[in-house]
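# An overview of the molecular structure
Spelled out, the chains give:
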Amino acid sequence: SQTRIGRRAETDGQAPPPPSLGASAADGPRRQVPRRLALASVTGGSLPRVLLVEDHAAVRDVVRESLEEAGFEVDTAQTATEAVERLTEHQYAAVLSDCVLPDLPPLEWLALARGAAPATPLVVYSGAVHLDELQALARDWGVAAALAKPFSPAQLVAAVRGAISPSSLRKRTR
C-alpha cells in the first residue's frame with residue numbers, strides 16, 4: 001500500500017518516511033535533474049521556493065522531504081504568526097499549509113496569508129476539515145488547491161506544481 005501523509009505508522013506512532021516521488025516504474029528510472037530544471041524554468045531559473053506551514057513535526061518532516069525530493073526548496077513555519085513573518089521576509093512560489101494551526105482559526109490565517117502575500121498561490125490541507133469545506137474555502141479565498149488528509153506525496157506534489165504552473169501564474173497576474 002502507498003504511504004499516505006496524515007496517517008501515523010501503525011507500529012510505533014511515528015510518521016513513515018516519504019516514499020520515492022520519482023516516475024512510476026513504467027516510466028523508467030527517476031530523473032531528478034530534469035524535473036528540477038523544468039521547475040526552475042517556471043520560476044525564473046531557480047528552484048521554486050515554497051513555504052510549508054505545519055505544526056506537527058512528523059507531518060512537517062514528511063511533507064518537507066516529499067517536496068524537496070520533487071525539486072522544491074522548502075522553508076517551514078509551525079504557526080500562522082511565524083508564517084506571516086516568513087511571508088513578509090521572502091517571496092515564495094507557493095504556500096502549503098495545514099488549515100488548522102495552534103494560534104489562529106483557519107479563516108483568520110487565510111486572511112493574514114492573503115494580506116501578507118496576495119499574489120502567492122495557497123495550497124491548503126486538513127484532516128479536521130471535510131473536503132467539501134476545504135473546497136468551499138478554496139473558492140471563497142482564492143486557494144489554488146485543497147487536499148484532505150490522508151493524501152499521497154504524489155497528490156501533494158501535483159497540487160503544489162499545479163499552483164505554480166505557468167498557466168496558473170498567468171491567471172493570477174491578469
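Read on for a plain summary of the structure. (Residues numbered from 1 in each chain as written. Predicted model: local features only at pLDDT ≥ 70, side-chain atom pairs only at ≥ 80, totals over all residues. Heavy atoms only, no water.)

### Notes on the overall build of the protein
- Looking only at helices and strands, one finds 7 helices and 5 strands in the protein.
- Ordered by position from N to C terminus, the α and β elements of the protein give α-β-α-β-α-β-α-β-α-β-α-α.
- Here the protein holds 174 residues, and 41% of them are scored as buried.
- Intrachain contacts of the protein at a sequence separation of at least 6 include 64% that bridge at least 24 residues. (Helix = DSSP H or I, 4+ residues; strand = E, 2+ residues; numbered from the N terminus. Buried < 20%, exposed > 50% of the residue type's maximum accessible area, 1.4 Å probe, protein only. Contact = heavy atoms within 4.5 Å.)

### Side note on the environment of Asp61
- Note on placement: Asp61 falls in helix α2 (residues 57–69).
- For Asp61, a relative accessible area of 33% corresponds to the partly exposed category.
- Distance from Asp61 to Thr76, taken between C-alpha atoms, is 9.5 Å for residues 15 residues apart in sequence.

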